[in-house]
Amino acid sequence: MKIILKKIFQNFLYGFPLIVLFLLAFTGFDFSFVIYDTNFSFNFAYLIIFFWVLKKPESIGFGLIFFAGIINDVVQNFPIGITPVNFLLLCAVAAFVRNRILVPNILYDWVLFLMATLIVTSINYSILTIIFDFPIKYGSLMASLFISFLFYPIFSYIFNQINLLSTRQEDAE
């Protein structure tokens, strides 16, 4: 019984990014909070995708990321294909950064996450406004982007701990 629970825990750790990504896609949940009657949110899916493609790309596949984006579009009532393109563009930036940086550093990752989300968000909202005539609230958009940027080091630390725990579980076999 102990071996079975250990195997289930190991599989959960390995599939953690996909589980959370699909949970976010199916529920349409965004992490938001209210301060002084102002709603702030951050894009947790971008955090997950950027970190895991940057640090451990074999645990999260691009096809599954694309599929999670399609599901997210259906749940959020966006035009089909907008979110998967954003997710894959974020994957491309993270993969490019992973191949170019010699020494991993949280500060580099943090700044590059800001640049990647700026690129992806700009393209996303440009497409939504030009093609689909979608109303955009630029103030809330920039606040969401900035809050996502601020939360990246915290979640990076948490995801690093999960990654280390997963690696230890794999090495124990």
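For clarity, every value in this text was computed on a predicted model and none was experimentally measured.

Asker: Quick one: what's the story with the overall build of the chain, residue by residue and with numbers?
Answerer: In terms of helices and strands, the chain carries six helices and two strands. Counting from the amino terminus, helix and strand elements in the chain follow one another as α-β-β-α-α-α-α-α. Compactness check: the chain gives a C-alpha radius of gyration of 17 Å against a globular reference of 16 Å for 173 residues, within 12% of the reference. Taking the principal axes of the C-alpha coordinates as reference, the chain spans close to 55 × 35 × 35 Å. Put simply, the chain has 173 residues, and 40% of those count as buried. Relative to all contacts within the chain whose residues are 6 or more apart in sequence, the contacts with residues 24 or more apart total 75%. Here the chain contributes 9 positive and 9 negative side-chain charges, whose respective centroids are spaced 11 Å apart.

Asker: Please give an account of a nonpolar patch on the surface that cites residues and values.
Answerer: Taken together, the side chains of Phe9, Phe12, Ile19, Leu23 and Leu165 make up a nonpolar region of the molecular surface, amounting to roughly 420 Å² of accessible area. Considering every element that reaches the nonpolar patch, the biggest residue donor is helix 1 (residues 2-27), with four residues. Inspection of the secondary structure assignment puts Leu165 in helix 6 (residues 138-172). Classification of Leu165 by relative accessible area gives partly exposed; the value is 30%.

Asker: Please set out the pattern of salt bridges residue by residue, giving values where relevant.
Answerer: For the coordinates displayed, the defined rule picks out one salt bridge. Salt-bridge contacts for Asp109 lead to Lys55; the nearest nitrogen and oxygen are separated by 2.8 Å. Of this pair, Asp109 sits in helix 5 (residues 106-130) while Lys55 sits in helix 2 (residues 44-55), and the two are 54 residues apart along the sequence. Note on Asp109: relative accessible area 4%, which makes it buried. On the accessibility criterion, Lys55 (28% relative accessible area) is partly exposed.

Asker: Give a description of the packing of helix 4 (residues 82-100) against helix 5 that names residues and reports values.
Answerer: To characterise two packed helices, one gives the angle between the axes of the helices and the distance between these axes. At a minimum axis separation of 10 Å, helix 4 and helix 5 run at an interaxial angle of 155 degrees. Taken together, the axes of helix 4 and helix 5 are roughly antiparallel relative to one another. Crossing of helix 4 against helix 5: the hand is right-handed. For the pair formed by helix 4 and helix 5, the contact residues are Ile82, Asn86, Leu89, Leu90, Val93 and Val97 on the first element and Leu112, Ala116, Thr117, Ile119, Val120, Ile123, Asn124, Ile127 and Leu128 on the second.

Asker: Give a detailed account of the packing of helix 1 against helix 3 (residues 62-76), specifying residues and quantitative values.
Answerer: Axis separation between helix 1 and helix 3 bottoms out at 7 Å; the angle between their running directions is 20 degrees. Taken together, the axes of helix 1 and helix 3 lie roughly parallel to each other. When helix 1 is examined against helix 3, the residues Leu18, Leu21, Phe22, Leu24, Ala25, Phe26 and Thr27 are found in contact with a partner set consisting of Leu64, Ile65, Phe67, Ala68, Ile71, Asn72 and Val75. Residue classes in the contact of helix 1 with helix 3 are distributed as 12 nonpolar, two polar and no charged.

Asker: Hey, could you go over the packing of aromatic side chains for me, with residue numbers and the actual values?
Answerer: Using the criterion set out here, one finds 17 aromatic pairs in the structure. Centre to centre, the rings of Phe44 and Phe159 are 6.1 Å apart; their planes meet at 50 degrees, and the pair counts as tilted. Remark: Phe159 occurs in helix 6 and Phe44 occurs in helix 2; sequence separation between them is 115 residues. Look at Phe159 and you get buried, because its relative accessible area is 2%. Aromatic pair Phe51 and Trp52: ring centres 5.2 Å apart, planes at 85 degrees, arrangement edge-to-face.

The rules we used
Residues numbered from 1 in each chain as written. Predicted model: local features only at pLDDT ≥ 70, side-chain atom pairs only at ≥ 80, totals over all residues. Heavy atoms only, no water. Helix = DSSP H or I, 4+ residues; strand = E, 2+ residues; numbered from the N terminus. Rg over C-alpha atoms; globule rule 2.2 N^0.38 Å. Buried < 20%, exposed > 50% of the residue type's maximum accessible area, 1.4 Å probe, protein only. Contact = heavy atoms within 4.5 Å. Lys, Arg positive; Asp, Glu negative; His and termini not counted. Charge placed at Lys NZ, Arg CZ, Asp CG, Glu CD. Patch = residues over 30% accessible without salt bridge, like charges linked within 9 Å, V, L, I, M, F, W, Y side chains within 5 Å. Areas by Shrake-Rupley, 256 points an atom, 1.4 Å probe, with all protein chains shown as cover. Salt bridge = Lys/Arg side-chain N within 4 Å of Asp/Glu carboxyl O. Axes fitted to C-alpha atoms, helices over the stretch in contact; angles between N-to-C directions. Parallel < 35°, antiparallel > 145°, perpendicular 65-115°, else oblique. Left-handed = near helix turned anticlockwise from the far one by under 90°. Nonpolar A, V, L, I, M, F, W, Y, C, P; charged D, E, K, R; others polar. Phe/Tyr/Trp six-rings, centres within 6.5 Å; stacked < 30°, edge-to-face > 60°.

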